[in-house]
Structure formats: C-alpha cells, structure tokens
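# Observations on the model geometry
Okay, here's what each chain looks like letter by letter:
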Amino acid sequence: MIILNGKETAKIITDEIAELVKKRKKEGKKIPHLAAILVGNDGGSITYINNKLKACEACGFESTLMRFDDSVKESIILNKIQTLNEDDNVDGFIVQLPLPKHIDETKVILSIDPIKDVDGFHPMNIGKMTLNLPSFVSATPSGIIELIRRYKIDTKGKNCVIIGRSNIVGMPLSILLSQNKEFGNCTVTLTHSQTKNLKEVCKTADILIAALGQPLFVTKDMIKEGAVVIDVGITRVEDKTKVNGWRLVGDVDFSSVAELTSAITPVPGGVGPMTIASLMMNTLKAMDLKEQ
Ligand code: NDP
C-alpha cells in the first residue's frame with residue numbers, strides 16, 4: 001500500500017513554482033500576484049486563507065488579503081471585486097467561501113472576471129472545463145488530478161466512485177475523470193445523499209473518492225481490495241488531548257481501510273495541501289495568460 005503524500009507532492013510543486021518565479025525576478029519580469037477577500041472571522045476560513053498566503057510566500061508570489069467585517073454590505077464586496085477585475089497588478093483573486101447569508105454567493109462568483117477566477121468557480125470556467133477547453137479548474141479537483149498524475153495512477157477504464165456532488169469538488173471531479181484524456185477515461189459513478197445501496201456501489205470502485213464531509217464515513221466493508229482511496233473530507237472533531245482541543249478527520253476511516261487499498265491519501269497531509277498547490281498553479285497560469 002502506498003501513501004499518496006499530498007504534503008510532500010505539494011512541496012515539490014511549490015519548489016518548482018518558486019524556481020520559475022526566481023528566474024522571472026532575475027529577468028526583471030513581473031511576479032504573480034494573488035489577492036484574497038475574506039469576510040468575517042470563521043476559524044476554518046481564516047486557517048484556509050492563512051495557508052494560501054503562506055503558500056504564496058513559499059512560491060515567491062505577491063499576495064494581498066482584504067478583510068471585511070461580517071456585516072459588510074454586498075455592494076461593498078461587489079465593488080471590491082470590480083476594482084480587482086480592473087487592477088492590472090493582480091493576476092488572480094479568490095473570495096473565500098462561505099460568505100455570510102446576506103451576501104449572494106452566486107452574484108459574487110458571477111461578478112469575478114473569468115480570466116482572474118483562479119478558484120475556477122465562475123460558470124464560464126466550469127463550462128469550458130466541461131468541454132475540455134483551457135480553463136481554470138477549481139483547486140481541489142485539479143489538485144486531486146495532479147496527485148494522481150504525479151503518482152502515475154492508472155485511471156484508464158477504471159471504475160471510479162465519487163461520494164458527494166458539490167460544485168467545487170464532486171461534480172467537477174466526475175467530469176475531469178470521465179474525459180477522454182490522460183488521467184481521465186474512468187467510468188464514473190457520482191453518488192450523493194439520495195444514492196441507494198451506497199455501500200455496494202462503493203465496493204465496485206477501483207478508485208473511490210470521498211467528498212461528503214462526514215467524518216470516518218467510509219469503512220472497510222465499502223472497499224474493494226486493491227482500490228485507490230482519496231479522502232477529500234476535512235472536519236474538525238473535538239479532541240481534548242490536543243492543545244487546541246480539536247483534530248482534523250477525513251471522510252475515510254483510514255485506520256481500518258488503509259490495509260485493503262493499493263494507495264490512499266492521509267488526512268491531514270493528502271488532498272488539503274494539493275488544493276493549495278493547485279491554487280498556486282492557477283495563479284501562475286493567470287499571469288501567463290495575461291502575458292499572451
Ligand atoms: P458539500 O456539503 O457541499 O457537499 C457534500 C456532498 O456530499 C453533497 O453532494 C451531499 O449530497 C453528499 N453527502 C452528504 N452526506 C452524504 C451521505 N451520507 N451519503 C452520500 N452522500 C452524502 O461539501 P463539499 O464538497 O464542499 O466538501 C466535502 C468535504 O470535503 C468537507 O469535509 C470539506 O471540508 C472537504 N473539503 C476539503 C477540501 C480540501 O482542500 N481538502 C476542499 C473542499 C472541501 P446531496 O447533494 O444529496 O446533499
């Protein structure tokens with residue numbers, strides 16, 4: 001059984017990007033600039049944003065964080081997005097989700113210029129991705145594909161079962177893995193909360209991807225021997241033995257499942273770091289596109 005080490009792979013990607021950026025700097029060229037909008041004080045969102053900013057630093061990118069109070073008006077966020085759309089110095093930007101209830105997330109996503117939409121959430125990018133045209137692919141699905149690519153996991157003709165159909169993870173992943181290209185060509189089953197006989201469906205998977213947000217949901221009896229298991233879930237669960245009182249748990253019961261698999265991602269240190277590395281790759285791409 002191989003551990004698909006996202007932390008190590010993300011570090012390799014970050015080093016590769018940092019090398020490119022160093023070279024650009026030496027040549028007097030512009031360095032990539034990622035901006036981020038964060039609304040409110042949600043602990044999880046702050047951690048995600050901080051990790052993204054740290055990754056920018058490791059890559060040698062410029063980064064800007066714009067923070068707003070929970071009560072900020074939707075129009076102020078939309079105006080800020082407009083400013084970022086027009087700012088030539090900013091190559092790409094993200095709006096950390098979720099947003100407070102009084103701000104319409106769809107409106108926010110639609111107002112981002114697709115060429116700066118490094119999160120790949122804009123319908124223009126999702127549409128292009130679906131048609132296998134050049135686009136920004138959202139960071140978690142593209143991070144998973146990159147992990148599969150770096151570990152040379154054979155996907156051709158494999159049965160892939162994905163649990164969870166969200167717009168940011170399961171749905172795009174189901175499209176990418178079913179496309180006729182390298183590290184695609186799977187026969188994909190996209191499951192969700194209404195799927196009947198989920199256990200049996202999962203047992204057919206050569207590649208099982210859990211992205212439902214239910215800690216330790218995937219158990220040994222759902223796994224086909226030799227399957228590749230990718231755990232997207234990250235949930236904070238109470239743990240009094242930890243200084244901060246919590247630990248991160250995936251959607252897969254790693255301790256019982258791992259021995260049955262041929263390869264598996266850990267949590268933490270699997271898909272999470274790959275998501276961030278992917279955002280860095282998208283930011284680099286945004287700058288490249290602008291220069292073309
Ligand atoms: P959402 O809550 O948006 O979607 C969850 C999906 O899982 C839905 O499609 C839902 O079905 C399905 N689901 C929920 N319960 C069950 C069940 N019992 N059986 C089958 N399907 C079920 O979640 P996200 O996609 O945003 O995130 C999923 C997990 O991945 C979370 O733990 C999140 O924290 C993590 N995540 C990790 C990232 C990373 O970088 N590692 C990035 C993004 C997310 P239905 O549609 O029917 O409601």
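Look above for the structure.
What counts and how
Residues numbered from 1 in each chain as written. Predicted model: local features only at pLDDT ≥ 70, side-chain atom pairs only at ≥ 80, totals over all residues. Heavy atoms only, no water. Phe/Tyr/Trp six-rings, centres within 6.5 Å; stacked < 30°, edge-to-face > 60°. Lys NZ or Arg CZ within 6 Å of the ring centre and 35° of its normal. Near = heavy atom within 4 Å. Polar contact = N/O pair within 3.5 Å; in protein donor to acceptor, adjacent residues only side chain to side chain. Nonpolar A, V, L, I, M, F, W, Y, C, P; charged D, E, K, R; others polar. Pairing = 2+ DSSP bridges. Helix = DSSP H or I, 4+ residues; strand = E, 2+ residues; numbered from the N terminus. Axes fitted to C-alpha atoms, helices over the stretch in contact; angles between N-to-C directions. Contact = heavy atoms within 4.5 Å.

### What to know about the packing of aromatic side chains
Pairs of aromatic rings are described using the distance from one ring centre to the other and the angle between the two planes. Under the counting rule described, the total for this entry stands at zero aromatic pairs. Across the ring face of Trp246, the terminal group of Arg236 is positioned such that the distance to the ring centre comes to 3.9 Å.

### Observations concerning the site of the ligand
Around the ligand, 22 residues are found, and the nearest of them are Arg165, Ser166, Ser193, Ile234 and Thr275. Contacts to the ligand include Thr275, whose side-chain N or O atom sits 2.8 Å from an oxygen atom. Taken together, the residues that form the shell around the ligand break down as 10 nonpolar, 11 polar and one charged.

### Remarks on the sheet that holds strand β2 (residues 33-39)
A sheet is described by the order of its strands in space; here three strands give the open sequence β3-β2-β4, paired in parallel fashion. The outermost strands of the open sheet, each flanked by one partner alone, are β3 (62-68) and β4 (92-95). Each strand axis lies, on average, 15° off the axis of its neighbour in the sheet, ignoring direction. Two elements, β2 and β3, share seven bridges in a ladder whose sense is parallel. Pairing of Leu34 across the sheet is with Ser63, part of β3. Against the sheet, helix α3 (residues 74-86) contacts β2, β3 and β4, and its axis sits at roughly 180° relative to β2.

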